[in-house]
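Residues per chain, in single letters:
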Amino acid sequence: MDSSGIAYLGPRDFPTEDHLLDYLLDQHFDTISCDVETVTIKDRRLIGLGIGLNQQEAVYFRIMPEPSLYPNMTWRLLDQAQTIAGHNFIFDATVLLEYLNEFYNQHPIGVGGWHPTDSSIPGRYTIPPLLQSIALKLADTSLMGQMQGLPSLELANMTSRYVGMEIQRISDILPQRHTMLDLPWGVVANKCLYDCLATNRLYWKMEGPKWSGSQSFIWTHQENWDSGFDPSEPLTHWVSEGILDCYQVGIKLVPLLLKMTARGLGLYPNKVEHWYQEVSKKLLVYSDICTKEGFNPSSPQQVGYTLASRGNFLPFTKSKKQLKTDEETLEELSDPLASVILEHRGLSKLKGTYLAPYNPHIELTKPYWAHHRGVRAYTHYRMDLSTARLSSYDRSLMNIPDYIREIFAPDTGVWAWADYDQIEMRIMAQVSQDPTMMAAYERGEDIHWLTQQRLWPNSDRADESTRLRSKTFGFAMLYRAQAHTLSKHTKLPISTCSEYRTIWLATYPGVDEWQLETIADGWNQGWTETMYGRRCRLPSLDIAKPDHIEKCAVNYPIQGTGFDILARALLLCDSLSIDIALPVHDEILADGIVEFPRQLEDLGRLRTPFTQHRGLYWK
DNA sequence: CACCATGGCGCG
DNA sequence: AAAGCGCGCCATGGTG
């Protein structure tokens with residue numbers, strides 16, 4: 001059925017296309033799976049969409065180069081289903097969001113009366129009703145795997161292990177330096193069809209329907225001796241109530257993440273322009289100096305060579321391929337050229353990373369710079385693989401320097417934001433049940449002052465540098481830093497740090513004990529748990545060193561719990577119609593004169609106080 | 001030209 | 001020899 005752009009995989013024979021369409025129209029497909037194909041992973045233009053009707057049958061609808069003759073059938077199938085299973089559907093949903101936005105922009109009267117610019121408050125966007133309804137009946141096999149801490153989340157690996165089915169990977173069908181558009185559409189369709197079947201089968205294998213309930217359960221799989229059999233993985237998987245709860249939170253997050261992607265952040269165009277001009281002007285001074293010296297300050301290689309030939313001592317980098325020229329090293333040098341280079345670095349980072357993408361007068365160098373430049377800043381969200389924390393990509397908005405945040409403009413005229421106060425230390429107190437730390441937080445005492453008194457008994461509370469060192473100690477010890485690292489951060493001798501490290505661990509013996517136990521758990525299980533009972537997979541020995549794995553073992557429960565709390569906070573805010581513009585790990589930025597609810601402090605087992613701010617500018 | 005590794009640095 | 005975790009993104013420099 002080449003010309004019509006529709007493909008079927010399954011046991012049935014349809015003499016003509018009309019028979020297939022009749023079949024699709026007549027039958028009810030209750031639990032379907034869905035997968036999109038894009039040009040490449042990076043170029044997320046939609047080229048086709050597959051639907052797994054059940055565990056044996058799937059259909060594919062082409063979008064590019066020519067759309068199929070039956071686009072409405074695609075939406076109909078999605079609409080009539082009760083459950084839609086995806087595999088890492090945040091990605092697919094993002095693709096669909098962009099596709100639908102584009103589609104509606106070209107068709108002034110959108111399907112269902114919806115249009116992206118159709119909103120009473122400027123900048124207050126909603127996601128297309130189609131995506132909204134998909135989100136309400138979404139299941140996600142990748143998220144299931146992540147919450148359980150399964151060893152691999154890749155669709156091909158999971159299907160091979162758990163349902164004994166081998167499917168193609170993109171690299172199997174796509175030669176290097178090619179895109180899906182270079183392949184005959186039938187090849188793409190075929191891959192998509194099998195992916196859909198795989199997702200559907202995985203959903204059932206993992207007891208899909210039980211994931212929307214609250215009763216714990218087990219699912220099992222058989223050894224796949226032909227491939228994918230991992231003797232270290234148990235054949236029985238217990239899904240606890242905690243895992244279920246976290247999974248459901250993850251699913252509910254999907255439409256919210258889409259909404260944030262669709263809304264973006266407003267910009268003050270004149271501020272962007274002004275900053276850009278100022279920074280460019282200053283930059284010129286420094287690059288002139290470097291040009292006269294005959295090197296490019298943006299090249300670490302040239303910087304290293306130039307500084308070394310001027311008689312400076314520079315250590316090698318970790319790989320020993322170049323000389324080390326990072327900030328820490330250059331600060332130690334007395335050569336004035338070193339400060340010139342540092343100034344240049346700071347300014348060019350600012351210009352290239354944080355200003356150029358938002359300045360409409362600058363030539364596009366990255367495709368994702370294109371969206372409404374100078375008017376709004378857009379980004380996309382995903383969950384990180386180890387701890388599930390959110391990350392923002394395609395112009396990340398989660399790493400904007402403090403001092404430049406004034407370029408972002410609230411649509412309502414005022415930003416409101418809430419910061420959790422020392423959330424990771426509080427989580428540490430809770431998971432470790434360390435009596436000293438818990439008592440300090442319960443009484444509302446200052447934990448850094450407590451540390452300071454133990455490490456520097458005669459110090460003054462008002463002494464900022466000692467206080468900063470106490471903070472640094474607490475922060476670094478969250479991850480069981482070695483004396484060497486502590487020394488680097490506090491600029492104290494290693495021997496002193498080693499001594500203080502011992503005192504710190506003795507002050508908080510519960511933390512010491514918990515960290516040792518957690519490391520042991522990590523080795524035994526291959527994962528460690530957040531406060532909510534969610535598992536975080538640890539890196540395996542073939543890709544990470546033992547030491548690193550142990551650091552991860554104590555780090556993930558804390559970072560992961562931080563995400564668990566933030567995710568619930570976001571959902572609570574959203575349910576109260578707070579217009580969330582951007583989450584940043586322990587902070588929520590909202591648009592409008594918002595009063596953040598105090599319930600946000602009681603989402604974990606220990607109170608997590610927050611402070612809130614408002615203003616014309618963020619920060 | 002597309003793609004990758006490297007060094008460096010922004011955020012939490 | 002290596003000595004705190006997670007992430008994204010920039011420019012350079014090298015490859016096929």
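Look above for the structure.
Residues numbered from 1 in each chain as written. Chains lettered and ligands numbered in written order. Predicted model: local features only at pLDDT ≥ 70, side-chain atom pairs only at ≥ 80, totals over all residues. Heavy atoms only, no water.

Engineer: Account for the side chain of Arg376, naming residues and giving values.
Structural biologist: As for its position among the elements, Arg376 is in strand β10 (residues 376-377). You can call Arg376 buried: its relative accessible area is 8%. Among the polar contacts listed, one links the side chain of Arg376 to the backbone oxygen of Arg263, at a separation of 2.8 Å. A distance of 3.3 Å separates a polar side-chain atom of Arg376 from the backbone oxygen of Gly264. (Helix = DSSP H or I, 4+ residues; strand = E, 2+ residues; numbered from the N terminus. Buried < 20%, exposed > 50% of the residue type's maximum accessible area, 1.4 Å probe, protein only. Polar contact = N/O pair within 3.5 Å; in protein donor to acceptor, adjacent residues only side chain to side chain.)

Engineer: Outline the sheet that holds strand β1 (residues 6-9), listing residues and values.
Structural biologist: Within a sheet, neighbouring strands are paired by backbone hydrogen bonds and run either parallel or antiparallel to one another. Taken together, the six strands give an open sheet; going across it, the order is β1-β4-β3-β2-β5-β6, and neighbouring strands pair in mixed fashion. The sheet is open, and its two borders are formed by β1 and β6 (138-140), each paired with just one other strand. On average, adjacent strands in this sheet sit at an angle of 25° to one another, irrespective of strand direction. Across five bridges, the pairing between strand β3 (residues 46-52) and strand β4 (residues 58-62) is antiparallel. Each bridged residue has a counterpart across the sheet, and for Leu49 the counterpart in β4 is Phe61. (Pairing = 2+ DSSP bridges. Axes fitted to C-alpha atoms, helices over the stretch in contact; angles between N-to-C directions.)

Engineer: Explain the pairing of β3 to me, using residue names and the numbers behind them.
Structural biologist: Of all seven residues making up β3, seven are buried, and the element is well covered by its neighbours. Here strand β2 (residues 31-38) runs beside β3; their pairing, made up of six bridges, is antiparallel. Bridge pairing in β3 places Cys34 opposite Ile51. Linking β3 back to β4 in an antiparallel pair, the connection comprises five residues.

Engineer: Talk me through the protein's contact with DNA strand C; I want residue IDs and the actual numbers.
Structural biologist: As a structural note, the neighbourhood of DNA strand C is formed by 37 residues, with Arg382, Arg395, Thr485, His548 and Gln559 the closest of them. Protein-proximal atoms of DNA strand C, defined as those within 4 Å of the protein, fall in sugar or phosphate at a share of 71%. Contact between DNA strand C and Asn296: a phosphate oxygen at 2.9 Å from a side-chain N or O atom of the residue. At a separation of 3.4 Å, a sugar or linking oxygen of DNA strand C approaches a polar side-chain atom of Asn555. Mapped onto the surface near DNA strand C, the elements with two or more residues apiece are α11 (300-309), α13 (336-355), β12 (390-393), α18 (483-490) and α21 (546-575). (Near = heavy atom within 4 Å.)

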